[in-house]
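Residue-level structure breakdown
Here are the chains, one letter per residue:
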Amino acid sequence: LTSSKYPALKRSEVFKQLNSDDLRYFESILTKAEILRPSDSENLSLYNEDWMRKYKGQSKLVLKPKSVEKISLILKYCNQEKLAVVPQGGNTDLVGGSVPVFDEIILSLNNLNKIREFDPLTGIFKCDAGVILENANTFLNKHDYMFPLDLGAKGSCQIGGCVSTNAGGLRLLRYGSLHGSVLGLEVVLPNGEIVSSMHSLRKDNTGYDLKQLFIGAEGTIGVVTGASILTAPNPKAVNVSFLALEDFDKILKLYGKAKSELCENLSAFEFMDKESMTLTDIHLKGELAFPLGENEHPFYILIEVSGSNKSHNDAKLESFLEGAMEEDLIIDGTIAQDETELQNLWKWRETVPESCLSQGGVYKYDVSLPLKDLYSLVDATNARLISKGLMSENPNDKDPNKPAIGATGYGHIGDGNLHLNIAVNEYTKEIEEALEPFVYEFVQSKKGSISAEHGLGLQKKNYVKYSRSPIEIQMMKDLKHHYDPNGIMNPYKYI
Ligand code: FAD
Ligand code: MLT
Ligand code: ZN
């Protein structure tokens, strides 16, 4: 078996090819509804292809077990038989980690989707890994709580997928990362052993904090089947403002001011450049009016404030914005007047990822950089694509011979996290070679991270060394080998 998508990769001889005995075994432990084969009506390619339509595997089998015990039996068997497995949640991964490379079995968590328990006093929430993030949040809202993570893919991504990528999202600056809010996990190891540590304890220093190993492991050492999460009280008052700024330096000044004046009320500080808003405008096709008249400013910021008292919350935001106007930090701005306007402003931010993809394809780089250097990577990337003849100097000049449309930047200022997206008409080798390792070298030179929140997956397989030392990489390999000696879990990816 070879892959035209990945000519440099070879299917490992170590892994067995699926045969009729294997299928018989899976049929003996699972119902018809838990097995998806090419002959089934549900489309197998939905599970084989990623959200960006950039990565595509050739799996002939998707297993969708309804219980943890069945997952344990599946992994035990696959480990014995050396059948490779890719765990899959909502398949919204952005680094090629959630789909097979060759014929790995896809282990979907779609059917493991029950909310297990919730304590309204402590806010501790326990659920199966396959619960969709939005469903978890809707449940919590009814109890006046919220999930401490929010992101544009909330309607599809699952708690287990978010834990496995250590997703960051839109409000990390206020609620912290999942390394802090996950209190316990239930995990099935590659040999089928079930590790149940769905703790409800805020403090528990009993030796190594083993759950942390699985947070961000991207399905390489086990399958997360349940999570215990410390959720947050739902703020009674939320408001959002959308602002225009003339240069990146002013964004940093505004951020400093927001931290000191909005303090505990600041729950999001997101930035978008003009190009990302232009693509979003095209993609939304007039469905929503641009919040500030025309899209004519170089940068935009979405600020969210939230708290327990509406008049206090609103007054703080208004006085902050007045000050920012007087100090000449912002050119224009608007504040949401009601819930619909608030949701619409968020829509301009949350639709950016699919807008960047909408022209045909997108190369995505999710990096951490010192704030002062954050946007310089976008400028450097545009200059490089122009110098290589892959992009027009004038963004309005739609030259069909230039496959790249342009580099855009947006992201989470509060987390020092830039999303560099290169919108393209099609994926080509020339563009990829112009971008890699160029982007990673740039990030390394600024002492940043090549993987801020999306993970490494297949995309960054060859580039881990730009953010980790040889000894750190060796320690990761040792861990992988210890828990997954046959290497069946999500093979060919970053480790
Ligand atoms: P999948 O995509 O199915 O899988 C992700 C990885 O985890 C894969 O390596 C997979 O093998 C593994 N995995 C999945 N489930 C399990 C499990 N139960 N046990 C073990 N391994 C598992 N990410 C951010 O950090 N911040 C954002 O703001 C953000 N916004 C996004 C917006 C959009 C529109 C999209 C498409 C993606 C976004 N992402 C973001 C990226 C993505 O990482 C998250 O959507 C989410 O964390 C992935 O969850 P999932 O259930 O779809 O996992
Ligand atoms: C975001 O912040 O919108 C997400 O991380 C997704 C993306 O970068 O495309
Ligand atoms: Zn993000």
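If you look the protein up in an unreviewed UniProt entry, it shows as D-lactate ferricytochrome C oxidoreductase from Kazachstania africana. Reading the Cofactor (unreviewed entry) entry of the UniProt record for the protein gives the comment "FAD".

**Considering the nonpolar core**
Counting residues in each nonpolar core, the largest one holds 140 residues, and the members touching the most others are V85, V163 and I301. Dropping the residues within four chain positions of it, I301 is found in contact with L243, L245, I251, L254, F269, E270 and F271.

**Considering the sheet that holds strand 17 (residues 404-412)**
Consider a sheet: its strands pair through backbone hydrogen bonds, and that pairing is either parallel or antiparallel. Read from one edge to the other, the open sheet built from seven strands follows the order 15-12-14-13-17-18-16, with strand pairing classed as antiparallel. Sheet topology places strand 15 (332-335) and strand 16 (361-368) at the edges, where each strand pairs with a single neighbour. With direction set aside, neighbouring strand axes in the sheet form an average angle of 15°. Examined bridge by bridge, strand 16 and strand 18 (residues 417-424) share eight bridges and lie antiparallel to one another. The partner of V362 across the bridge, within strand 18, is A423. In this fold helix 10 (residues 310-326) packs onto strand 12 (237-245), strand 14 (299-307) and strand 15, with an angle of close to 10° to the strand it touches most, strand 12.

**Observations concerning the domain arrangement of the protein**
If you check the domain split of the protein, you get domain 1 (115-233), domain 2 (237-352) and domain 3 (359-454). Of all elements in the fold, only helix 8 (248-262), strand 13 (266-273) and helix 9 (274-284) reach the threshold of two or more residues within the side of domain 2 that touches domain 3. If one sorts the elements of the side of domain 2 that touches domain 3 by residue count, strand 13 sits on top with five residues.

**A short note on the sheet that holds strand 3 (residues 85-88)**
Pairing is mixed across the open sheet formed by four strands, whose spatial order is 1-2-4-3. Where the open sheet ends on each side, the last strands, each with one partner, are strand 1 (35-36) and strand 3. Both strand 2 (residues 62-63) and strand 4 (residues 105-108) contribute to a ladder of two bridges, which runs parallel. Bridge pairing links L63 to L107 in strand 4.

What counts, and where the lines are drawn
- Residues numbered from 1 in each chain as written.
- Chains lettered and ligands numbered in written order.
- Predicted model: local features only at pLDDT ≥ 70, side-chain atom pairs only at ≥ 80, totals over all residues.
- UniProt positions renumbered as here; feature names shortened; annotations may be inferred.
- Core = buried A, V, L, I, M, F, W, Y, C linked by C-beta atoms within 7 Å.
- Buried ≥ 20, exposed ≤ 12 C-beta atoms within 10 Å, placed from the backbone.
- Contact = placed C-beta atoms within 7 Å.
- Pairing = 2+ DSSP bridges.
- Helix = DSSP H or I, 4+ residues; strand = E, 2+ residues; numbered from the N terminus.
- Axes fitted to C-alpha atoms, helices over the stretch in contact; angles between N-to-C directions.
- Domains from an automatic or database assignment.

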